[in-house]
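Survey of secondary and tertiary structure
Spelled out from the first residue to the last, the chains are:
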Amino acid sequence: MRMFVISDNVDTQVGMRLAGIEGVVVHEYQEVAEELQKVMEDESIGIVLMTKKLITLCQDLVYDVKLNCQRPLIVEIPDRHGDSSIGDSITSYIQEAVGIRI
């Protein structure tokens, strides 16, 4: 099972790439929808990391996938600018969502 990142920020995508996680940078609703569709068709991808900004942009789409699809698991992550309400690291989010220590 692989992870994939859908980000609105190049720095976040590059950081994930350095950790071995492939991904794309998108900015518009339609781009997010297209990338999510591609991910859902790829059975080797089990976890999708998405930046908070993109999840906010496409809440209806993301919640539909979360509620109606067994795969992929969508995990919200902060971007490089962070957010004062997000105190945990990206690793903590992944550990909580997956239930394994990485």
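In what follows, the structure referred to is the one given above.
The shown structure was predicted, so the numbers you read here are calculated from the model rather than taken from an experiment.

1. Examining the overall build of the protein
- A count of helices and strands for the protein gives 5 helices and 4 strands.
- In sequence order, the protein lays out its α and β elements as β-α-β-α-β-α-α-β-α.
- Taking as baseline every contact in the protein between residues at least 6 positions apart, the subset at least 24 positions apart corresponds to 63%.
- For the protein, the exposed surface amounts to about 6200 Å²; the carbon and sulfur share of it is 48%.

2. What about the sheet that holds strand β2 (residues 22-25)?
- Here 4 strands make up an open sheet; going across it, the order is β2-β1-β3-β4 and the pairing parallel. Strand pairing shows two members of the sheet lacking a second neighbour, β2 and β4 (73-77), which therefore form its edges. When strand polarity is set aside, the average angle formed by the axes of neighbouring strands in this sheet is 20°.

3. Quick word on the pattern of salt bridges
- Considering all chains together, one arrives at 4 salt bridges under this definition.
- Where Arg-17 meets Glu-22, a salt bridge forms, and the shortest distance between an N and an O atom there is 4.0 Å.
- Between Glu-35 and Lys-38 there is a salt bridge; the shortest N-O distance is 3.4 Å. One end of the pair, Glu-35, and the other, Lys-38, are both in helix α2 (residues 29-41), 3 residues apart, so they sit about a helical turn from each other.
- On the accessibility criterion, Glu-35 (13% relative accessible area) is buried.

4. Considering the nonpolar core
- Judged by nonpolar contacts, the single largest core of 17 residues is most densely connected at Ile-6, Val-32, Leu-36, Val-48, Met-50 and Ile-74.
- Elements that contribute at least two residues to this core include exactly β1 (2-7), α2, β3 (45-51), α3 (52-57) and α4 (59-68).
- Per-element tally for this core: the top contributor is α2, with 4 residues.

5. Some words on helix α1 (residues 10-18)
- Here α1 has its buried residues at Thr-12, Gln-13 and Met-16. The arc that holds the buried residues of α1, viewed along the axis, is 100°, so those residues lie on one side.
- For α1, the N-terminal capping position is held by Asn-9, with its side-chain oxygen 2.7 Å away from the main-chain nitrogen of Asp-11.
- Once α1 ends, the next one or two residues include Gly-20, with phi positive near 90°.

Calculation notes
- Residues numbered from 1 in each chain as written.
- Predicted model: local features only at pLDDT ≥ 70, side-chain atom pairs only at ≥ 80, totals over all residues.
- Heavy atoms only, no water.
- Helix = DSSP H or I, 4+ residues; strand = E, 2+ residues; numbered from the N terminus.
- Contact = heavy atoms within 4.5 Å.
- Areas by Shrake-Rupley, 256 points an atom, 1.4 Å probe, with all protein chains shown as cover.
- Pairing = 2+ DSSP bridges.
- Axes fitted to C-alpha atoms, helices over the stretch in contact; angles between N-to-C directions.
- Salt bridge = Lys/Arg side-chain N within 4 Å of Asp/Glu carboxyl O.
- Buried < 20%, exposed > 50% of the residue type's maximum accessible area, 1.4 Å probe, protein only.
- Core = buried A, V, L, I, M, F, W, Y, C linked by side-chain atoms within 4.5 Å.
- Arc of directions from axis to C-beta.
- Polar contact = N/O pair within 3.5 Å; in protein donor to acceptor, adjacent residues only side chain to side chain.

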